[in-house]
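Overview (structure and organization)
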Amino acid sequence: MRVGYAPGAWDLFHVGHLNILQHARARCDYLVAGVVDDDMLERAKGRRPIVPVAERAEIVASITGVDEVFVETQPDKLVTWGLRPFDVFFKGDDWRGTPQGLDLERRFAEVGVEVEYFPYTLHTSSTALRRALELLEGAQGAGGASVGL
C-alpha cells in the first residue's frame with residue numbers, strides 16, 4: 001500500500017486545495033493530509049490563519065479521498081515522516097528546482113520517500129481571498145456598508 005502525505009495550511013479552503021488533495025489521492029492508496037497548526041503558520045507567514053487548526057482539520061477530514069488528517073506542530077517534514085510515515089510526499093510545484101525543494105528531495109530520498117509536485121490553481125489563492133477579506137473589513141471599519149459573507 002502506497003501512503004501519500006499532502007501537507008498544507010488549508011486556510012480559507014478553495015478549489016485549488018481540493019485539486020491538490022484529489023491529485024494526491026489519485027497517486028496513492030491511502031492519503032494523509034497534513035494540517036499545519038496555528039502557531040507554526042504564524043511563525044512561517046507572520047500572521048495567524050483565519051480559520052483555526054481544529055476547524056481546518058475537520059474541513060480537510062471531510063473531503064472524499066482523505067483517509068487521515070495529521071496536525072503538524074513542527075516545521076521539519078522529516079520529523080513529521082518519523083511521527084507519521086509515508087511513501088510519497090506531495091508539494092506544490094513552486095518548490096520544484098528551488099534550494100528548499102532540492103534539499104527536501106535529497107533528505108526524503110535518504111529514507112526512501114518520493115517527492116511529487118503538483119501545479120497550483122493560479123486563479124484562486126488563499127492569499128488573494130485573505131486580501132479581499134481585509135479590504136472588506138477595512139471598508140466596514142471606515143464607515144462602509146456592512147457586507148454579509
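Heads up: the structure comes first, above all this text.
All of the points below concern the structure found in this document. The residue numbers shown here count from 1 along each chain, following its written sequence. Two thresholds apply to this predicted model, a pLDDT of at least 70 for residue-level local features and 80 or more for giving and counting side-chain atom pairs, whereas whole-chain, interface and lining totals are computed over all residues. Only hydrogens and water are removed before side-chain values are computed, so all heavy atoms of the structure are retained for them.

Side note on the pattern of salt bridges
Salt bridge criterion: a side-chain nitrogen from Lys or Arg within 4 Å of a carboxyl oxygen from Asp or Glu. Inspection of every chain in the model, using the stated rule, returns 13 salt bridges. Among the salt bridges present, the one from Arg 48 reaches Glu 42, with a minimum N-O distance of 3.0 Å. Here Glu 68 and Arg 84 are joined by a salt bridge, their closest N and O atoms 2.8 Å apart. One end of the pair, Glu 68, is in strand β3 (residues 68-72); the other, Arg 84, is in the loop between α4 (77-83) and β4 (88-92), with 16 residues separating them in the sequence. Assessed through its relative accessible area of 22%, Glu 68 is described here as partly exposed. Where salt bridges share partners, they join Asp 38, Asp 39, Glu 42, Arg 48 and Arg 56 into one cluster. What counts as a helix is a DSSP run of H or I of at least four residues, what counts as a strand is a run of E of at least two, and both are numbered from the N terminus. A simple rule labels every residue: compare its accessible area, found with a 1.4 Å probe on the protein chains alone, to the largest value its type can have, and call it buried under 20%, exposed over 50%, or partly exposed in between.

Looking at helix α2 (residues 38-45)
Within the span of α2, buried status applies to Asp 38, Met 40 and Leu 41. Buried positions in α2, seen along its axis, are confined to an arc of 160° and lie on one side of it. In the core, the buried residues of α2 are packed alongside β2 (30-36), α3 (53-61) and β3. The arc under discussion is defined with respect to the helix axis, by the directions toward the C-beta atoms. Any two residues whose heavy atoms approach within 4.5 Å at even a single point are treated as in contact.

Things to note about the environment of Arg 2
Position of Arg 2 relative to the elements: it lies in the segment before β1 (3-8). In this structure Arg 2 comes out as partly exposed when scored by relative accessible area, which is 26%. A C-alpha to C-alpha distance of 7.5 Å links Arg 2 and Val 88, two positions 86 residues apart in sequence. Once residues lying within four places of it in the same chain are set aside, the contact partners of Arg 2 are Arg 27, Cys 28, Asp 29, Tyr 30, Asp 87, Val 88, Glu 114 and Glu 116. In protein, a polar contact means a hydrogen-donor-capable atom and an acceptor-capable atom, both N or O and within 3.5 Å, with residues adjacent in sequence counting only if both atoms are side-chain atoms; elsewhere, any N or O pair within 3.5 Å suffices. Reaching out from Arg 2, the side chain makes a polar contact with the backbone oxygen of Arg 27 at a distance of 2.5 Å.

Some remarks on the environment of Leu 21
Mapping Leu 21 onto the fold places it in helix α1 (residues 15-26). Judged by its relative accessible area of 2%, Leu 21 falls in the buried class. When the C-alpha positions of Leu 21 and Tyr 5 are compared, they lie 9.6 Å apart, and in sequence the two are 16 residues distant. Residues in contact with Leu 21, not counting those within four places in the same chain, are Ala 6, Trp 10, Phe 13, Leu 31, Ala 33, Val 60, Ile 63 and Val 66.

Considerations on the sheet that holds β2
Here we have five strands laid out as an open sheet, ordered β3-β2-β1-β4-β5, and parallel in their pairing. Both edges of this open sheet fall to β3 and β5 (114-118), since each of them pairs with a single strand only. Here the average twist between neighbouring strands, direction ignored, is 30°. Against the sheet, α1 contacts β1, β2, β4 and β5, and its axis sits at roughly 145° relative to β2. Think of it this way: DSSP has to see at least two bridges between two strands before they count as a pair. In this analysis, axes come from line fits to C-alpha atoms, helices being fitted only over the stretch in contact, and the angle between any two N-to-C directions falls in the range 0 to 180 degrees.

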